[in-house]
Amino acid sequence: MSGYTEGIIILLCINGIAAMGVSLLTGFTGIFSLGHAAYMALGAYTTAILTVQHEVHWLPAILLGGLLAVAVAFFIGVPTLKLMGDYYAIASIGLGEAIRLILENWQSVTRGARGYPGIDPYTTLPVVAAFFLVLAIFMFNLINSRFGRACKACRDDHVASSLLGFNTARVRVLSLMISAFYCGVAGALLGGFLSFIQPIMFDMLKSTELTAVVVFGGLGSMSGSLLGTAVITLITELFRPISQYRMLIYGAVLVIIMVLRPEGIMGNREFISWVRAPFRRKAS
Amino acid sequence: MATLIQQIINGLSLGSVYALIAVGYSLVYSILLFSNFAHGGFLVIGGYFCYGSLRLLGAGIWTAGALALIGAGFAAVLTERLAYRPIRERTNVTLYLLIASMGMNIVIENIFVIIVGGRFRALPPVIPTTPVSVMGLATTSAFDLISLLSAVVFLGALQLFLSKTRWGLAIRAAAYDLRTAGLMGVNVNLLISIVFFVAGFLAAVGGIFLSVRYTLYPQLGAITIKAFVAAVIGGLGSLPGAVIGSLILGLAEMLTAGFISSQMRDLVVFSLLVITLLVKPTGLFGKSVSEKV
Amino acid sequence: MSPFFQLSGATKNFGGVRAVDNMSFGLEKGELVGLMGPNGAGKTTIFNLVTGVYGLDEGEISFKGEDLGRLKSHQITDRGIARTFQNLRLFQRSSALDNVMTAAQYRIPYTFIECITHLGSWRKKEKMIREKSMGLLERVGLADRADQAAGTLPYGFQRRLEIARALALDPELLLLDEPAAGMNAEEVSSLNVLIKDIHSDFGLTILVIEHHMDLVMEICPRIICMNFGAKIAEGTPWEIQNHPEVLKAYLGEEEDDE
C-alpha cells in the first residue's frame, strides 16, 4: 500500500471517529454544536504534552485526552443543556474560541500559535484501525440500546420523554460527554498522525465540517455519518486545487440538504436495515 | 482618571454597536426560536454595500449608508425566503433552521471571498476620527461619539416602531406566540419578512461602524459571536437584555484592553459567557421557555 | 391512612388568568373516574400539574402519601403515574413498537457498560422489553402495525398507541387526556371497552378527561365536573346529568359554539 493511500485511510478513520461522536449528539440527541473541534484540540494537546513533555505512553495519553474532553463537556453541558433553546450552540462557539485563545496564549505549555511539533508518530494504520473498530462497535451497540432510544426520545419530544421517566437533562449531558470523548480521541490520533498540531487546525471551520459531515450523511443515521465522512474526506482530497470554492459548496450543500432533504443521504435509517429490508419483506 | 473615562466612552461606543447587532438577532430568536447564525452575514453584506457605493458609485456617506442598510435588509429577507421559509413551512424542527443558518453564513462569507477576495479593505475616511475633548475630562475620537449617537438613534427608532406601529405590535404579539398571532389574522410570512428586514438593516449599521473600526473583510461577520454572547448575557430573546448585555460586554472589553492587556479582551468576553451560564443561565432578562402541552 | 391520590386546593395562574382555582378531589385505589367540563375549563392543566409539567402556585398533590409538589416529571413517572396527551405526543418517525419499547425500558433497566458492549444481560433484557411491548400492542389491537411509523398510523390507532405506551410504564394511576377526541362513534365504543378492560385487567386507577358527556357517562361510576378552573359538581353520572351547574356550563358552551 502506498504511503498516500495509507494516509487517506488513517484520515478516514480519524474523521470517522469524530463524526460518530458528533452524530450521536446532533443526529440522535438533536443538539447542535459549533465547537466540537475544541474537544479535538483538548485531546490532541493533552496527548501531545503528556507524551512529549512527560514521557507518558501514547495509549493512556490518548485515553486521558479523551477524558479531559469529557470533563470539559460536563462543565459546559450541565448549565446549558438543562435549558431548552440554543444555549449549548452559543456556548459551544464560546468554548471553541476560548480553547483556541488559551492554546495560543499559554505559550509555556502549548507553545502558542506557531504549533506543537515533534509528536511521536504513534498513529499507525493498525492503531487507528483498532481504535476505529472498537469505538464503532461501542457506538453502534450504544444506539441499539436503551440509551439510544433515550437520546432519540429526548430529541423528538422532551416533554413526552420526561413523562416516560427520562431525566432529559441527564441524557443530553451524557450524550455530549460521550461525543466529546470520541472527538477527544480523534484529536489525539490526529496529533500522532501529523506529528504536529496548531491551534488554527481546530477552528470553527473544523467544527463546521464535523457537523456538515453528519448532516450530509443523515441526521439520526450512524452509518450515514460514516458514509458522509468518506464522501466528504475524499471530495476534499480530490478538490484540493479549487479549495477556495470548497467552503462555498459546503455551505450551499448544508442549506440545500436542509431545504430539500433534511434527513440527509440515509434518512434516519441504518445501512444494515436497508440491506435487510427486502429479506424481511419476503419472510413475512 | 482620564483613561478611565476614555475607556468607558470607547466601551459604550463598542457596546452600542454590538447592541445593534444583538437586537436584530434577538428579535429573530424571539419570533422563530432559533439562533440565526447567518446574522453575521447580514453585517458583512451591509459593509460591502457601503464600501461598493462609496468606491464604485462615488456616492456620499448618506447615500452609501442608506443603500447599505436597505440592501442588507433585503438580503436578510431573501435569506429567509430561500433558506428558512421552505423549512419552516414543512416542519417545526428548529435544528434544521439552525443548520441552514450556519450554511447561509458560510455561503455569504465565501461569496465575498470569491467575488472581492479575502483582502482587508479600509473604508474611505467618511466618518471623522479626529480627537475630541469630552468636557475637558478626557480625549476620545469623534468616531466613538458618532457611533454611540447613531446606535442610540436607531435603537430609539426601533423602540418607537415596536411600540407605536401596527406591525410593531404584531411583532410583539408574535414574540409571545407566533401561532396565536397567525390565528389573530396577522400575515405571518409578511411579519417574518419585516422582522428579517429590520434585523438586516440594524446589522448593516453595525457593519459600517465595525468596518471603519477594524477595516472590512469577509470574515468580519465572525464578530457577531460577541453579539450572541451579549444576547445570552442579557437573556436570549429579550431586546432590553440584548442592549444591556451588549453594553456590559463593550465596557468589559475596553476596560480590559485599557487596564490589563488587549490580548485578554476576548478571554474576558468568554469568561463572562461562562459565568452567566453557570450563575444565571437564562440571562439578566431571560424568560424561561415553556411549551404548551 | 392517607388517600391513594389527593389534590388539595390546587391553584395555577397563567399571567393574570386563573386556569385552575382552588381545586380539590381525591381518588380511591382502583377507581375509574371521569373529569369533564367545557373547553378551557382547566382539565388538561390539572394533568400538567399532576405530572409536573407545570409547577403549582398553591395547594398540594399527594400520591400514596407522598407530596408530588417538589418532584420533576420523570420522578413522578417513577412513582407510578402515567398519562396520554390530548394532542398526541408520539415519536412520529419511530415505529409503533419502538414507541412502546422506549417506555417499557424504564422498568427493565441494564447498565451503561451493557449498552456499549451488548454483553451481560443486554440480550435478555432487550428481549423482555420487546416482548412486553409486543404484548401491549396486541392488547390495544396494534400488533400487526408494530413496524409502521407512528406518525403514519390512523388517528384512532395513534390514540391507542399512546395508551399502550403509557401502560408500558407499569403505572398505578393512569391519566387519559381526551382519549376519544377525533374518533367516530364506532371507534369510541370500542375504546370504551378497551378502557374498561385495562382498568380491571391491570388493576389500575384511571382518571379520564373527556369533553363529551356521553363517553364519561357510560364508563365512569364517578364523575368530577369543572368549569373556569373550579369544581362545580361531583357524583354519579345520574347526579351529574341533573346538576343545574353542569347543565348551565354545557348549555352556555353550546350557545357559544353556534
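Procedures and definitions
Residues numbered from 1 in each chain as written. Chains lettered and ligands numbered in written order. Predicted model: local features only at pLDDT ≥ 70, side-chain atom pairs only at ≥ 80, totals over all residues. Heavy atoms only, no water. Helix = DSSP H or I, 4+ residues; strand = E, 2+ residues; numbered from the N terminus. Rg over C-alpha atoms; globule rule 2.2 N^0.38 Å. Buried < 20%, exposed > 50% of the residue type's maximum accessible area, 1.4 Å probe, protein only. Contact = heavy atoms within 4.5 Å. Areas by Shrake-Rupley, 256 points an atom, 1.4 Å probe, with all protein chains shown as cover. Lys, Arg positive; Asp, Glu negative; His and termini not counted. Charge placed at Lys NZ, Arg CZ, Asp CG, Glu CD. Domains from an automatic or database assignment. Buried area = accessible area lost by both parts, 1.4 Å probe. Salt bridge = Lys/Arg side-chain N within 4 Å of Asp/Glu carboxyl O. Polar contact = N/O pair within 3.5 Å; in protein donor to acceptor, adjacent residues only side chain to side chain. Nonpolar A, V, L, I, M, F, W, Y, C, P; charged D, E, K, R; others polar. Pairing = 2+ DSSP bridges. Axes fitted to C-alpha atoms, helices over the stretch in contact; angles between N-to-C directions. Parallel < 35°, antiparallel > 145°, perpendicular 65-115°, else oblique. Phe/Tyr/Trp six-rings, centres within 6.5 Å; stacked < 30°, edge-to-face > 60°. Lys NZ or Arg CZ within 6 Å of the ring centre and 35° of its normal. Expected span 1.5 Å × (residues − 1).

**Observations concerning the overall build of chain C**
Next up, step 1: Across its full length, chain C holds 10 helices and 10 strands.
Next up, step 2: Relative to the globule expectation of 18 Å for 258 residues, the C-alpha radius of gyration of chain C, 19 Å, shows essentially globular dimensions.
Next up, step 3: The principal-axis extent of the C-alpha atoms belonging to chain C is close to 65 × 40 × 35 Å.
Next up, step 4: Burial statistics for chain C: of 258 residues in total, 55% are counted as buried.
Next up, step 5: Long-range pairs, those at least 24 residues apart, make up 69% of the contacts in chain C with a sequence separation of at least 6.
Next up, step 6: On chain C, roughly 11,300 Å² of surface is accessible, and the fraction owed to carbon and sulfur atoms is 51%.
Next up, step 7: One finds the centroid of the 27 positive side-chain charges in chain C at a distance of 9 Å from the centroid of its 37 negative side-chain charges.

**Description of the environment of Ile-225 of chain B**
Next up, step 1: Along the polypeptide, Ile-225 of chain B turns up in helix 9 (residues 224–234).
Next up, step 2: What makes Ile-225 of chain B buried here is its relative accessible area of 11%.
Next up, step 3: Separated by 38 residues in the primary sequence, Ile-225 of chain B and Asn-187 of chain B have C-alpha atoms spaced 32 Å apart.
Next up, step 4: Non-local contacts of Ile-225 of chain B, meaning those with residues more than four positions away in its chain, are made with Ile-93 and Glu-97 of chain A together with Phe-270 of chain B.

**Topic: the domain arrangement of chain C**
Residue and element names in this part refer to chain C.
Next up, step 1: What the domain assignment reports for chain C is domain 1 (1–7 + 53–71), domain 2 (80–219) and domain 3 (221–258).
Next up, step 2: Once you take the C-alpha centre of each, domain 1 and domain 2 turn out to be 25 Å apart.
Next up, step 3: With six residues of domain 1 at the interface, the matching set in domain 2 holds six residues.
Next up, step 4: Here domain 1 packs against domain 2, burying approximately 460 Å² in sum over the two surfaces, 74% of which is carbon and sulfur.
Next up, step 5: In this structure, the salt-bridge partner of Glu-172 is Lys-64, at a minimum N-O distance of 2.5 Å.
Next up, step 6: Linking domain 1 to domain 2 there are one residue pair in polar contact (both at pLDDT 80 or more).
Next up, step 7: Class assignment of the residues belonging to the side of domain 1 that touches domain 2 gives a composition of five nonpolar, no polar and one charged.

**Brief notes about the sheet that holds strand 4 (residues 58–63) of chain C**
All names here are of chain C.
Next up, step 1: Taken in spatial order, the four strands of this open sheet run 2-1-4-5, and their pairing is antiparallel. Where the open sheet ends on each side, the last strands, each with one partner, are strand 2 (17–27) and strand 5 (66–67).
Next up, step 2: Inspection of the sheet shows strand 1 (residues 5–14) paired to strand 2 by seven bridges, in the antiparallel sense. Bridge assignment links Asn-13 to a residue of strand 2, and that residue is Arg-18.

**Regarding the interface of chain B and chain A**
Next up, step 1: Each side of the interface is counted separately: chain B has 40 residues, and chain A has 39 residues.
Next up, step 2: Across the interface of chain B and chain A, roughly 3,500 Å² is buried in total on both sides, 81% from carbon and sulfur atoms.
Next up, step 3: Looking at the side of chain B facing chain A, the largest losses of area belong to Ile-99, Met-102 and Ile-114 of chain B, adding up to 16% of the total buried there.
Next up, step 4: Taken together, the links from chain B to chain A amount to four residue pairs in polar contact (both at pLDDT 80 or more).
Next up, step 5: If you tally residues by element for the side of chain B that touches chain A, the top one is helix 4 (residues 94–116) of chain B, at 13 residues.
Next up, step 6: Taken together, the residues of the side of chain B that touches chain A break down into 32 nonpolar, five polar and three charged.

**Focus on helix 7 (residues 146–156) of chain A**
Next up, step 1: In terms of burial, helix 7 of chain A is a largely internal element, nine of the 11 residues being buried.
Next up, step 2: For helix 7 of chain A, the complete set of buried residues consists of Arg-146, Phe-147, Gly-148, Arg-149, Ala-150, Cys-151, Ala-153, Cys-154 and Arg-155 of chain A.

**Re the packing of helix 1 (residues 3–28) of chain A against helix 7 of chain A**
Residue and element names in this part refer to chain A.
Next up, step 1: At a closest axis distance of 9 Å, the pairing of helix 1 and helix 7 adopts a crossing angle of 45°. As judged from the angle between their axes, helix 1 and helix 7 are oblique. Contacts between helix 1 and helix 7 pair Leu-24, Gly-27 and Phe-28 from the former with Cys-151, Lys-152 and Arg-155 from the latter.
Next up, step 2: Among the residues forming the contact of helix 1 with helix 7, the class breakdown is three nonpolar, one polar and two charged.

**Considerations on the packing of aromatic side chains**
Next up, step 1: Under the criterion given, the structure shown has 18 aromatic pairs over all chains.
Next up, step 2: With centroids separated by 5.9 Å and ring planes inclined at 55°, the aromatic side chains of Phe-143 of chain B and Phe-209 of chain B adopt a geometry described as tilted. Separated by 66 residues along the polypeptide, Phe-143 of chain B in helix 5 (residues 142–164) and Phe-209 of chain B in helix 8 (residues 188–214) bring together distant segments of the chain.
Next up, step 3: For Phe-209 of chain B, a relative accessible area of 7% gives the class buried.
Next up, step 4: Members of the aromatic cluster, connected to one another through ring pairs, are Phe-32 of chain A together with Tyr-25, Phe-37 and Phe-228 of chain B.
Next up, step 5: Here the basic side chain of Arg-89 of chain C rests over the ring of Phe-85 of chain C, its NZ or CZ set 5.8 Å away from the ring centre.

**Re helix 4 of chain B**
Next up, step 1: Its 23 residues give helix 4 of chain B an end-to-end C-alpha distance of 33 Å, which sits within 8% of 33 Å, the value for a rise of 1.5 Å per residue.
Next up, step 2: Looking one or two places after helix 4 of chain B, you find Gly-117 of chain B, whose phi comes out positive at around 85°.

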